[in-house]
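Fold and geometry: a report
Residues per chain are reported as follows:
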Amino acid sequence: MAEAKAAAVQARLQAASLAFTKLETELSGVVEARQRLDSQLSENELVLKEFSLLKSHNTVYKLVGPSLVPQDQAEAKQNVEKRLEFIRSEIKRVEAQLKDSEEKTGKKRGEVMALQQEFQALQGA
């Protein structure tokens, strides 16, 4: 009787451990996405700061394929501002996803720990 219960708890523990591992993998992917967005944000903010240093007679170039093509300064600055706006909205979305993923992982961690304790108690009995 106790062996059957221990086997059932062990099966639940293995399933919960697998789910926990999957959640951790998902969480690390979200963290990587957040870090990538942070990097893009700082890079684009730096570009925007550089635009403020330009004079009206300075020429701005855009890389199109293998060649540099002159681009209107105001248009280039507007593109960077739009990109910054997009990156900030993506950061908000990823932050919400990160929070949700952390909560799920925490709940599953608690479940795994409870099942481990139950299994160990059954092993000791």
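Residues numbered from 1 in each chain as written. Predicted model: local features only at pLDDT ≥ 70, side-chain atom pairs only at ≥ 80, totals over all residues. Heavy atoms only, no water.

Right, let's get into the overall build of the protein. When you go through the protein residue by residue, the secondary structure sums to 2 helices and 2 strands. Ordering the α and β elements of the protein from the N terminus gives α-β-β-α. For a compact globule of 125 residues, the expected C-alpha radius of gyration is about 14 Å, and the protein comes in at 26 Å, more than 25% above that figure. In terms of overall dimensions, the protein has C-alpha extents of about 85 × 25 × 15 Å along its principal axes. Within the protein, the proportion of its 125 residues that are buried is 24%. Long-range contacts, defined as pairs at least 24 residues apart, comprise 76% of the intrachain contacts of the protein with a sequence gap of at least 6. (Helix = DSSP H or I, 4+ residues; strand = E, 2+ residues; numbered from the N terminus. Rg over C-alpha atoms; globule rule 2.2 N^0.38 Å. Buried < 20%, exposed > 50% of the residue type's maximum accessible area, 1.4 Å probe, protein only. Contact = heavy atoms within 4.5 Å.)

All right, on to the nonpolar core then. With 13 residues, the main nonpolar core has Leu37, Leu41, Phe51, Ile87 and Ile91 as its most contacted residues. Mapped onto this core, the elements with two or more residues apiece are helix H1 (2-53) and helix H2 (73-124). The element contributing the most residues to this core is H2, with 7 residues. What Leu41 contacts, discounting residues up to four positions off in sequence, is Leu84, Ile87, Arg88 and Ile91. Judged by nonpolar contacts, the second largest core, of 8 residues, contains Ala6, Phe20, Val112 and Phe119. (Core = buried A, V, L, I, M, F, W, Y, C linked by side-chain atoms within 4.5 Å.)

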